Amino acid sequence: MTAVNENWNAAWREQMLPTLADERWDLIVIGGGISGAGIVREAARRGWRCLLLEQRDFAWGTSSRSSKMVHGGLRYIAKGQWRLTRDSVRERQRLLDEAPGLVEPMSFLMPHYRGGFPGPRVLSGLLSIYDALAGRRSHRFHDAQQLRFLTPGLKEHDLVGGTRFVDALTDDARLVMRVLHEARADGAVVLNGLRVTQVLREDGRVCGVEVEDGESGNALQLRCAVLAVATGAWAERLRPSDSPRQLRPLRGSHLLLPGWRLPVAQALTFLHARDRRPVFVFPWEGATVVGTTDLDHREDLDQSASISGEELDYLLAACTQAFPAAELTATDVLSTWAGVRPVVGAAGEHQGKPSNETREHVLWQEPGCVTLAGGKLTTFRPQAIEVLKACADMLGRAFEDDAAPVFAAVQPSPIPGLSPQQWRRLAGRHGRDLPRLAQLIAEVGQETVGATDTLWAELAFACEAEMVLHLDDLLLRRTRLGLLLARGSEEHFAAIRTLCQPRLAWSDERWQAEIQRYRLLWQRDHGLPEVTP
Ligand SMILES: Cc1cc2nc3c(=O)[nH]c(=O)nc-3n(C[C@H](O)[C@H](O)[C@H](O)COP(=O)(O)OP(=O)(O)OC[C@H]3O[C@@H](n4cnc5c(N)ncnc54)[C@H](O)[C@@H]3O)c2cc1C
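One structure accompanies this document, and this report is about it. (Residues numbered from 1 in each chain as written. Predicted model: local features only at pLDDT ≥ 70, side-chain atom pairs only at ≥ 80, totals over all residues. Heavy atoms only, no water.)

### Section: helix H16 (residues 508-526)
Residues three or four positions apart in an α-helix share a direction because the helix packs 3.6 residues into each turn. Taking 1.5 Å of rise per residue, 19 residues should cover 27 Å, and H16 covers 26 Å from first to last C-alpha, within 8% of that figure. Of all the positions in H16, only Trp511, Glu514, Ile515, Tyr518, Leu521, Trp522, Asp525 and His526 are classed as buried. Considered in projection along H16, the buried side chains sweep an arc of 145° and stay on one side of the axis. Exposed residues lying more than 90 degrees from the buried face of H16 are Glu509, Gln516 and Leu520. (Helix = DSSP H or I, 4+ residues; strand = E, 2+ residues; numbered from the N terminus. Expected span 1.5 Å × (residues − 1). Buried < 20%, exposed > 50% of the residue type's maximum accessible area, 1.4 Å probe, protein only. Arc of directions from axis to C-beta.)

### Comments concerning unusual backbone geometry
Backbone torsion omega between Phe117 and Pro118 reads -5°, so that peptide bond is classified as cis. Looking at where Pro118 falls in the secondary structure, it is placed in the loop between strand E4 (103-113) and helix H5 (120-134). Residues Gly291 and Thr292 are joined by a peptide bond in cis, for which omega reads -15°. By the secondary structure assignment, Thr292 is in the loop between strand E14 (287-291) and strand E15 (295-296). Of note in this structure, Arg487 is not a glycine but carries a positive phi near 45°. In this structure, Arg487 sits in the loop between helix H14 (481-484) and helix H15 (493-504). Accessibility expressed as a relative area gives 53% for Arg487, which makes it exposed. The residue Ser489 is not glycine, and still its phi comes out positive at about 80°. Inspection of the secondary structure assignment puts Ser489 in the loop between H14 and H15.

### Considering the environment of Leu268
Tracing the sequence through the fold places Leu268 in strand E12 (residues 267-271). Under the relative-accessibility criterion, Leu268 is labelled buried at 1%. As for Leu268 and Glu443, which are separated by 175 residues in sequence, their C-alpha atoms are 41 Å apart. Beyond its immediate sequence surroundings of up to four residues, Leu268 is in contact with Leu109, Pro111, Thr151, Leu154, Val279, Phe280, Val281, Ala322 and Phe323. (Contact = heavy atoms within 4.5 Å.)

### What about the pairing of strand E10 (residues 219-229)?
The element E10 is extensively covered by neighbouring structure, given that 8 of its 11 residues are classed as buried. For strand E9 (residues 205-213) and E10, the ladder comprises 5 bridges, and the chain directions are antiparallel. Looking at the pairing, Val211 lines up with Leu220 of E10. Connecting E9 to the antiparallel partner E10 that follows it, the hairpin turn spans 5 residues, and Gly217 within it adopts a positive phi of roughly 85°. The sheet contact formed by E10 and strand E18 (residues 369-373) spans 3 bridges and is parallel. In the sheet register, Val229 faces E18, and the bridge partner there is Thr371. (Pairing = 2+ DSSP bridges.)

### Here's the deal with the packing of aromatic side chains
Tallying each qualifying case throughout the model produces 9 aromatic pairs. Where Trp8 meets Phe58, the ring centres are 5.4 Å apart and the plane angle is 20°; that geometry is what we call stacked. Pair noted here: Trp8 is in the segment before helix H1 (10-16) and Phe58 is in the loop between strand E2 (50-53) and strand E3 (69-70), with a separation of 50 residues, a long-range link. Residue classification places Phe58 among the buried positions, given a relative accessible area of 0%. A ring pair is formed by Trp48 and Phe399, whose centres lie 6.4 Å apart and whose planes are at 80°; its orientation type is edge-to-face. Of this pair, Trp48 sits in the loop between helix H2 (34-45) and E2 while Phe399 is found in the loop between helix H9 (380-395) and helix H10 (420-430), placing the two residues 351 residues apart along the sequence. (Phe/Tyr/Trp six-rings, centres within 6.5 Å; stacked < 30°, edge-to-face > 60°.)

### Notes on the site of the ligand
In the neighbourhood of the ligand, 35 residues make up the surrounding shell, with Ser35, Glu54, Ser63, Met69 and Thr378 lying closest. Backbone polar atom of Thr62 to an oxygen atom of the ligand: 2.9 Å apart, as the coordinates give it. The backbone of Leu377 places a nitrogen or oxygen atom 3.1 Å from an oxygen atom of the ligand. Looking at the shell around the ligand, its residues break down into 12 nonpolar, 18 polar and 5 charged. Each of domain 1 (10-62 + 173-246 + 357-395) and domain 2 (103-170 + 247-341) accounts for three or more of the residues forming the shell around the ligand. (Near = heavy atom within 4 Å. Polar contact = N/O pair within 3.5 Å; in protein donor to acceptor, adjacent residues only side chain to side chain. Nonpolar A, V, L, I, M, F, W, Y, C, P; charged D, E, K, R; others polar. Domains from an automatic or database assignment.)

### Some remarks on the packing of helix H12 (residues 456-465) against helix H13 (residues 471-478)
Axes are the key here: two packed helices are described by the angle between their axes and the distance separating the axes. For the pair H12 and H13, interaxial distance at closest approach is 11 Å and the crossing angle is 130°. Taken together, the axis directions place H12 and H13 in an arrangement best described as oblique. Like other packed secondary-structure pairs, H12 and H13 cross with a definite hand, here right-handed. Residue-level contacts link Leu459, Ala462 and Cys463 of H12 to Leu474, Leu475 and Arg478 of H13. Looking at side-chain class alone, the contact of H12 with H13 contains 5 nonpolar, no polar and 1 charged residues. (Axes fitted to C-alpha atoms, helices over the stretch in contact; angles between N-to-C directions. Parallel < 35°, antiparallel > 145°, perpendicular 65-115°, else oblique. Left-handed = near helix turned anticlockwise from the far one by under 90°.)

### What to know about the pairing of strand E8 (residues 194-202)
Alignment of E8 against E9, held across 8 bridges, turns out to be antiparallel. If you follow Leu200 over to E9, its bridge partner there is Gly208. Hairpin connection between E8 and E9: a loop of 2 residues separates the two successive antiparallel strands, and Asp203 in this loop has a positive phi of roughly 50°.

Take a look at the structure:
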């Protein structure tokens, strides 16, 4: 197994840019979220010469702002979305098997209250179908007494018990990075900070793209045999102007609370008293996530989405409903994030409630170009296969889903001084780059940043070899320190600077400018809304 990230950094990017136009790429993929990553990974594995272009940073869009569940989606069964559920539970199992440490099983508990819906029988019926699709039984009922041990602090009045089932959680931004690393190992060229401004067409067929370098402002024209557009909520922007508009952007927001403030050992899911929508509270990276909302996102898509005052109030009310004694308020919130889901919805007056819109994906095709819209993090692999089958048809190439692993297996080689759990976590997140990370651990030490599980050595690794262009790439996506530590990790800025500034080759002025940019961005996208109810 070869390491791939020796020099994947800004200097490499500078060398690479002037060479891009010399090549006629088999495939150009637009969008560096999980969809684009999955497509480029599967294409590179088959020997296609491919290039991925991301306008901002990898996972900058929804793929770092999801609910982080690798799941079948119980509610999709209730809505009769069988294909989505079946594909999702299969992919969940595949990811659990292939990427332990990055995708981990998580117990979900749904409490039952006297007279409440769904009762234990109905839920057990749904979960039996869920289990049958997954090929294994994972659910069981616990009485109220057991539930008190499983979820201390849960509202007790009228509690009759709860049903437990198993799904999985991940770090979505790291999942994207791991998939991209695999694509690079198979020869794909993967670049951020490059925005596609125009799709080029010749004789009615897509033949390339015009690109703007966000760092220098330079423009480039690149040629390809086929183009895959995986731009998520932005998918309609690059379509021909006369194509019908079908995307309905829906926003979902989350709160992150310090783990000690609302300690949960497993995920709790329940229906919000205000609108009967399922919401959840779960442990993630030592903190507690509360999510999510589901409403029309009418703001400018060029600004990242952020939580509104009403959403904050809704999510805090969910906490109070389930854990009244915790008495949580906005001052307890560590950070927030919001993602935009591009659901393919009905137009105009036919629009229903956001939660009723299907989460299935669709493909739009025109000669030389396939666009993927909608979908889920969990099902990135089958979605990518579908896109590539359509691309292969356009190229007259054969294409089979050989169901080969997405990730190369990581050789078990313990790193001295690290616990087996730490090794598992690093192996899951860094895969084939583990030996390089081990060298950095020997150099930098085994300390973690604050009370998080993130090693200082991971920051060093990201700076040296994970294409960090800006400070927010490092603190919000390569690591999640900006979400997990108070005020975006402000308390650690001095130590981060000592370790990272030389590795990023940034001047003092550049460092100050990055800090300023990061503070503004963090406050806007991850702080509390300005007007709280
Ligand atoms: C609130 C919420 C919670 C969710 N929770 C889950 C969950 O728990 N489990 C699950 O399986 N799924 C979940 N999903 C769905 C899942 O997150 C998305 O389906 C997935 O992340 C979409 O990935 P993507 O790559 O298609 O889009 P994105 O991640 O948005 O990536 C698109 C990328 O394209 C780039 N781009 C756009 N235009 C251009 C251009 N012109 N040039 C270059 N680049 C461009 C953007 O910068 C962006 O990085 C959730 C979605 C939301 C909104």
